[in-house]
Amino acid sequence: MQNLVSSSVEPTATHAASKSLRHALRYINRFGLKAGVQAARVRARSPEPLTVQLPGVTHPLWVRPGTSDVETFDEVFMASEYDVQLPDFAPRSILDLGANVGYTSVLFAVRWPEARILAVEPATDNMVLLKRNTGPYRGVTAIRAAVWSRPAEVAVTNPEAAANAYRMSDASGGAGEERIPAHTVGQLIERLGCARLNLLKMDVEGAEAEIFRGPLEWLDRVDVMVVELHDRIVPGCAAALYDALHGRHFQQEIVGQNLVIDLR
């Protein structure tokens, strides 16, 4: 009996160690030895956020280890899913919708330091790290809000979900419901204070269906969109996007999970 227990535990421990080593090597290969070893700590379980200093990123990044922050960190800094490569493109005005804890806003701020960036995030638990991560960058403003097809109040429908997967719906007015102000894309462009929006990043967990089915006058003011669609969560997201684009000239590329849509 003792041997059976021992033989069942050892492979599990060995597998975990091997997996940790593989992750560490990936980070080292991407960022170099010092930064890679530091970045690998995000895979550990820890009750407290920690900081990671990456090459080329001006200020340390805050991460909650062992949470969905790691998935978002990897998408932005390992897989480069927001590395927008378009000719003659240096945006000066950027909306980051579904900013989460600010990694895309930081990436944009480092790459285009003259840009004004409005980072919009509805979840209270993400706002603390969003402000920590973007606070050192003078061009970034972070606000707690959602984006919707019309001015409204919304609420999180799945508060038990991972911090990068919160979904919104119209607030019902139920007891204990936390209401979140929701703005249209047009209102947020006005808040940013620009005649044209050069870059619109949208990762809003299915709310894009609501947004693209609503009034679309703001779309005439947008140069480039980077959109992640969530049809697996809200059927009809892709249909709503392409209905909105019908009759418009655009070019499209797929980068990881994102569509890069050039409307210029």
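Located above this text is the structure these notes cover.
From a predicted model like this one, the values you see are computed outputs, not experimental measurements.

What counts as what
Residues numbered from 1 in each chain as written. Predicted model: local features only at pLDDT ≥ 70, side-chain atom pairs only at ≥ 80, totals over all residues. Heavy atoms only, no water. Salt bridge = Lys/Arg side-chain N within 4 Å of Asp/Glu carboxyl O. Helix = DSSP H or I, 4+ residues; strand = E, 2+ residues; numbered from the N terminus. Buried < 20%, exposed > 50% of the residue type's maximum accessible area, 1.4 Å probe, protein only. Pairing = 2+ DSSP bridges. Axes fitted to C-alpha atoms, helices over the stretch in contact; angles between N-to-C directions. Contact = heavy atoms within 4.5 Å. 1 Å grid on protein atoms, 1.4 Å probe; cavity = no way out; pocket = protein on both sides within 12 Å on 5 of 7 lines; lining within 4 Å. Points joined across faces, edges and corners; volume = space filled by probe spheres on them. Nonpolar A, V, L, I, M, F, W, Y, C, P; charged D, E, K, R; others polar. Phe/Tyr/Trp six-rings, centres within 6.5 Å; stacked < 30°, edge-to-face > 60°. Arc of directions from axis to C-beta.

Caption draft 1: Geometry of the pattern of salt bridges. Throughout the structure, instances matching the rule amount to 14 salt bridges. For Arg43, the salt bridge is made with Asp74, and the minimal N-O distance between the two is 2.5 Å. With Arg43 in the loop between α2 (33–39) and β1 (50–52) and Asp74 in helix α3 (residues 68–78), this pair connects stretches of sequence that are 31 residues apart. Classification of Asp74 as buried rests on a relative accessible area of 10%. Across the pair Lys201 and Asp96 runs a salt bridge whose closest N-O atoms are separated by 2.8 Å. With Lys201 in strand β10 (residues 197–202) and Asp96 in strand β3 (residues 93–97), this residue pair connects regions lying 105 residues apart in the sequence. Taken individually, Lys201 and Asp96 each receive the classification buried, so the pair is uniform in this respect. Among the charged side chains, a network of salt bridges with common partners joins Arg150, Asp170 and Glu210.

Caption draft 2: The arrangement of the sheet that holds β10 in detail. Ordered by their spatial adjacency, 7 strands build an open sheet running β5-β4-β3-β10-β11-β13-β12, and the pairing between neighbours is mixed. Either end of the sheet is taken by a strand with one partner, and the two such strands are β5 (140–144) and β12 (251–255). Adjacent strand axes in the sheet meet at a mean angle of 15°, parallel and antiparallel pairs treated alike. Sheet topology note: the β10/strand β11 (residues 222–228) ladder contains 5 bridges and is parallel. Considered in β11, the bridge of Lys201 is made with Val226. Lying over the sheet, helix α5 (residues 124–134) contacts β4 (116–121) and β5, oriented at roughly 170° with respect to β5. Sheet contacts for helix α8 (residues 237–245): β11, β12 and β13 (258–262); angle to β13, the most-contacted strand, approximately 5°.

Caption draft 3: Up close: the layout of surface pockets. Considering only enclosed or pocket space, the largest pocket measures out at about 420 Å³ in volume. Taken together, 31 residues form the lining of the largest pocket, with Gly98, Asn164, Ala165, Asp203 and Glu205 sitting closest to its centre. In the lining of the largest pocket, the residues fall into 16 nonpolar, 7 polar and 8 charged. By volume, the second largest pocket amounts to about 250 Å³. Per-element accounting of the lining of the second largest pocket gives the leading share, 4 residues, to helix α4 (residues 103–111). Grouping the amino acids of the lining of the second largest pocket by side-chain chemistry returns 9 nonpolar, 2 polar and 3 charged.

Caption draft 4: A look at unusual backbone geometry. Phi at Asp88 takes a positive value of approximately 55°, unusual for a residue other than glycine. Mapping Asp88 onto the fold places it in the loop between α3 and β3. At Asn100, a position not held by glycine, the phi torsion is positive, near 55°. In this structure Asn100 comes out as buried when scored by relative accessible area, which is 7%.

Caption draft 5: The packing of aromatic side chains, seen in detail. Per the counting criterion, the structure on display carries 9 aromatic pairs. Relative to Phe31, the ring of Tyr27 has its centre 6.4 Å away and its plane inclined at 10°; by these criteria the two rings are stacked. Taken together, the residues Tyr27 and Phe31, both in helix α1 (residues 2–31) and 4 residues apart, mark about one turn of the helix. By relative accessible area, Phe31 is classed as buried at 11%. Between Phe77 and Tyr103, the aromatic rings sit 5.8 Å apart at their centres with planes inclined by 70°, giving edge-to-face as the arrangement. Within this pair, whereas Phe77 is found in helix α3, its partner Tyr103 is found in helix α4, the two being separated by 26 residues in sequence. Judged by its relative accessible area of 4%, Phe77 falls in the buried class. Among the residues examined, Tyr103 registers a relative accessible area of 1% and is labelled buried.

Caption draft 6: Structural detail: α8. Taken residue by residue, α8 has Cys237, Ala240, Leu241, Ala244 and Leu245 as its buried positions. Seen from one end, α8 has its buried residues packed into an arc of 130°, which puts them on one side. For α8, the secondary structure elements touched by its buried residues are α7 (207–213), β11 and β13.

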